[in-house]
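# Breakdown of the fold
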Amino acid sequence: QVQLVESGGGLVQPGGSLRLSCTVSRSIFDIYTMGWYRQAPGKQRELVATISRGGSTMYANSVKGRSTIARENAKNTVFLQMNSLKPEDTAVYYCYARETAIGPSSWGQGTQVTVSS
């Protein structure tokens, strides 16, 4: 399994933007799928966005139109750009990587995003 390190979380006002980064311990060009989940206090972890090896993306309805996921293979990094942030986006955001179609996922330690005035 690979190691993942997230960064970029923090406190932002409603309507603001953040860019989360997930740096992987090896080249990501052949990793089957990567993405982001989030977990708010008292709630289940939910999928936010995914990006496949070929660049196909998927977004949860709650962030669609406000978020963009991208992978930069040269930097071994996946990014999640989030705009027009809302208080309900407050959560710990976790990056994951699944190297093969049927293999296990590796997870980062999480980064806190707090949207509050």
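From a predicted model like this one, the values you see are computed outputs, not experimental measurements.

Following the criterion strictly, the structure yields 1 disulfide and no others. Bridging Cys 22 to Cys 95, the disulfide has an S-S length of 2.0 Å. Handedness here is read from the sign of the S-S torsion; for Cys 22 and Cys 95, about -80 degrees, the answer is left-handed. One end of the pair, Cys 22, is in strand 3 (residues 18-24); the other, Cys 95, is in strand 9 (residues 91-98), and 73 residues separate them in sequence. No difference in accessibility class separates Cys 22 from Cys 95, as the two residues are buried.

Turning to the sheet that holds strand 7 (residues 67-72), a few remarks are in order. Read across the open sheet, the 4 strands follow the order 1-3-8-7; overall the sheet is antiparallel. Only two strands of the sheet have a single partner each, and these edge strands are strand 1 (4-7) and strand 7. Neighbour-to-neighbour, the strand axes of this sheet turn through a mean angle of 15 degrees, independent of strand direction. When strand 1 meets strand 3, the two strands line up antiparallel, connected through 4 bridges. Note on strand 3: the bridge partner recorded for Ser 7 is Ser 21.

Within the chain, Asn 76 stands out as a residue other than glycine whose phi angle is a positive 55 degrees. By the secondary structure assignment, Asn 76 is in the loop between strand 7 and strand 8 (77-82). A positive phi is found at Ser 84, a non-glycine position, where the angle reads about 50 degrees. In this fold, Ser 84 is placed in the loop between strand 8 and strand 9.

A separate point is the side chain of Thr 33. Within the secondary structure layout, Thr 33 lies in strand 4 (residues 33-39). Since its relative accessible area comes to 9%, Thr 33 is described here as buried. Look past the residues within four positions of Thr 33 in its chain and what remains in contact with it is Thr 50, Ile 51, Ser 52, Tyr 96, Ala 97 and Arg 98.

What follows deals with the packing of aromatic side chains. This structure, assessed with the given rule, holds 3 aromatic pairs. Aromatic pair Tyr 37 and Tyr 96: ring centres 5.5 Å apart, planes at 70 degrees, arrangement edge-to-face. Note that Tyr 37 is positioned in strand 4 and Tyr 96 in strand 9, a separation of 59 residues in sequence. Note on Tyr 37: relative accessible area 24%, which makes it partly exposed. Overall, the relative accessible area of 6% leaves Tyr 96 in the buried class. One aromatic cluster is present, formed by Tyr 37, Tyr 96 and Trp 107 through successive ring pairs. Lying over the aromatic face of Phe 79, Arg 19 brings its terminal NZ or CZ to 4.1 Å of the ring centre.

Cut-offs and rules
Residues numbered from 1 in each chain as written. Predicted model: local features only at pLDDT ≥ 70, side-chain atom pairs only at ≥ 80, totals over all residues. Heavy atoms only, no water. Disulfide = S-S within 2.5 Å. Helix = DSSP H or I, 4+ residues; strand = E, 2+ residues; numbered from the N terminus. Buried < 20%, exposed > 50% of the residue type's maximum accessible area, 1.4 Å probe, protein only. Pairing = 2+ DSSP bridges. Axes fitted to C-alpha atoms, helices over the stretch in contact; angles between N-to-C directions. Contact = heavy atoms within 4.5 Å. Phe/Tyr/Trp six-rings, centres within 6.5 Å; stacked < 30°, edge-to-face > 60°. Lys NZ or Arg CZ within 6 Å of the ring centre and 35° of its normal.

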